[in-house]
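Chains, contacts and geometry: an overview
Given next are the chains, with one letter for each unit.
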Amino acid sequence: ISEWPFQTNPEIAERIYEIALSLANVNRESIKRILDLGIGEWIYFKIFSEVFSSLKEVIGIEKNGDSVERVKGKTTQEGSGREKVYEGDMNNLPEGIGRDFDIVSILYPNAFINMIDTERIEGEKLRKLSEDISKRLSQEGLFIITIGTEEIDLEGNKEATSYLEK
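Remember, predicted model here, so these are calculated numbers, not experimental data.

Rules used throughout
Residues numbered from 1 in each chain as written. Predicted model: local features only at pLDDT ≥ 70, side-chain atom pairs only at ≥ 80, totals over all residues. Heavy atoms only, no water. Helix = DSSP H or I, 4+ residues; strand = E, 2+ residues; numbered from the N terminus. Phe/Tyr/Trp six-rings, centres within 6.5 Å; stacked < 30°, edge-to-face > 60°. Buried < 20%, exposed > 50% of the residue type's maximum accessible area, 1.4 Å probe, protein only. Lys NZ or Arg CZ within 6 Å of the ring centre and 35° of its normal.

A few words on unusual backbone geometry. Positive phi, normally seen in glycine, also occurs at Asn 25, with a value near 55 degrees. If you trace the backbone, Asn 25 turns up in the loop between helix H1 (10-23) and strand S1 (33-37). Positive phi values are uncommon outside glycine, yet Asp 100 reaches one of about 60 degrees. You can see Asp 100 is positioned in the loop between strand S3 (83-87) and strand S4 (101-106).

Right under this line is the structure:
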């Protein structure tokens, strides 16, 4: 759970990945495929190719069509050739993106809310999202998520909190 200022500091995103990999005891070089939900802008999406040198593919999903077009343009200009960007959300994932992702990432707190079409996190929606994400992960895959404290009522929503703690 985080209130870090992602918009102004993409280095924080890299640090989150370092911490998550360390806690899960996963070698950075073992990461081959990443699914990023709620990519936002190129400055965050490009981090994957920079941080994970062994990466074969990173797929970005974004609801905002304008952001998709901007990121696609930057991908063409500055990308490594491993990036693919699609418009969609958790209820509308593109056909053919496959499964067996080593990381599924929802890095920006608002992206989580946008990806599941809700204003507040409820236990049932979080459970369904967790099930959907687990179907996309490889056997040793990681689901890395940040959620702002304003989106979840930690005191009044124990069911959602229990899913976050897992």
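Having seen the structure, we can now continue with the description.
Let us look at the packing of aromatic side chains. All told, the structure shown has four aromatic pairs when counted by the stated rule. With a centroid separation of 5.3 Å and an interplanar angle of 55 degrees, the aromatic rings of Tyr 17 and Phe 48 are classed as tilted. One end of the pair, Tyr 17, is in helix H1; the other, Phe 48, is in helix H3 (residues 47-51), and 31 residues separate them in sequence. When sorted by exposure, Tyr 17 lands in the same class as Phe 48, which is buried. Aromatic rings pair up to connect Tyr 17, Trp 42, Phe 45, Phe 48 and Phe 52 into one cluster. In this structure, Arg 28 is placed above the aromatic ring of Phe 52, and the distance from its NZ or CZ to the ring centre is 6.0 Å. Directly above the ring of Phe 101 sits Arg 33, whose terminal nitrogen or CZ lies 4.1 Å from the centroid.

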